[in-house]
Amino acid sequence: MVFAPTNNPNDTSDQTVNNITFFPAIAVADFKAATRAQDTVTDERVIQALRTAISDVNRELADWRATQESLGYNTLAEVPSDNYGSVEDPITEHTHWYLTAVYAKTKAQIIEVYNDIDTTEEGLKRFVGFSGTEEAYQREAREAIRNILGEPHMTVELI
């Protein structure tokens, strides 16, 4: 028998962050599994970051959501788009991109303050691996939102 201690009692969180009716609620465990969030990040910190990310993404999609609701779609899952899930666990393209945007914004927030958690020499060495990725996660969130809106990822102008 092996005893493997953990420093986080929240490894198997069953907490969910509520959302407005149109968009899906976000399970903390799903976020942690999808983003490989470190065990040292508490559920409370994840929940706070998820709430902020949900609010940001929802605000960016407010006009699009209003249009979809005016067309009679009451939830994101009802909006016509391709299905990329399995029969047992269906997920629409729009839902995939929504979760991608929320997860990326959440991860960027956590990375932004992660170096405050452990400022020892060892902690700073671990943080070096995160440098630059905050911007990558913000870019991923912007691209996911643009995918939902049906907009290109970049705009090019001749000067």
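Just so it is clear, the model here is predicted, and its values are computed rather than measured.

Some thoughts on the overall build of the protein
Counting secondary structure elements, the protein contains six helices and two strands. Secondary structure elements in the protein, listed N-terminal to C-terminal, are β-β-α-α-α-α-α-α. By the burial criterion, 33% of the 159 residues in the protein qualify as buried. Considering only intrachain contacts with a sequence separation of at least 6, the fraction spanning at least 24 residues in the protein is 63%. Carbon and sulfur atoms form 52% of the exposed surface of the protein, whose accessible area is close to 10,100 Å².

Examining the pattern of salt bridges
Using the criterion set out here, one finds five salt bridges in the structure. Measuring nitrogen to oxygen at the nearest pair gives 3.9 Å for the salt bridge that ties Arg65 to Glu69. Here the residue Arg65 and the residue Glu69 both occupy positions in helix 3 (residues 62-70), the gap between them amounting to four residues, near one helical turn. Glu69 gets classed as partly exposed once you look at its relative accessible area, which sits at 37%. Where Glu151 meets Arg146, a salt bridge forms, and the shortest distance between an N and an O atom there is 3.2 Å. Exposure remark for Glu151: the relative accessible area of 36% places this residue in the partly exposed category.

Conventions adopted
- Going along each chain's sequence as written, the residues are numbered from 1 onward.
- For a predicted model such as this one, the threshold for reporting local features is a pLDDT of at least 70, and the threshold for listing and counting side-chain atom pairs is 80 or more; totals across whole chains, interfaces and linings nevertheless cover every residue.
- Each side-chain value is derived from all of the structure's non-hydrogen atoms; neither hydrogens nor water enter the calculation.
- Numbering of helices and strands runs from the N terminus, with a helix taken as a DSSP run of H or I at least four residues long and a strand as a DSSP run of E at least two residues long.
- A 1.4 Å probe rolled over the protein chains alone gives each residue an accessible area, and that area as a share of the maximum for its type sets the label: buried under 20%, exposed over 50%, partly exposed in between.
- By definition in these notes, contact holds between two residues if any of their heavy atoms fall within 4.5 Å.
- Using a 1.4 Å probe, accessible areas were evaluated by the Shrake-Rupley method; residue-level cover was limited to the displayed protein chains.
- When a carboxyl oxygen of Asp or Glu is within 4 Å of a side-chain nitrogen of Lys or Arg, the pair counts as a salt bridge.

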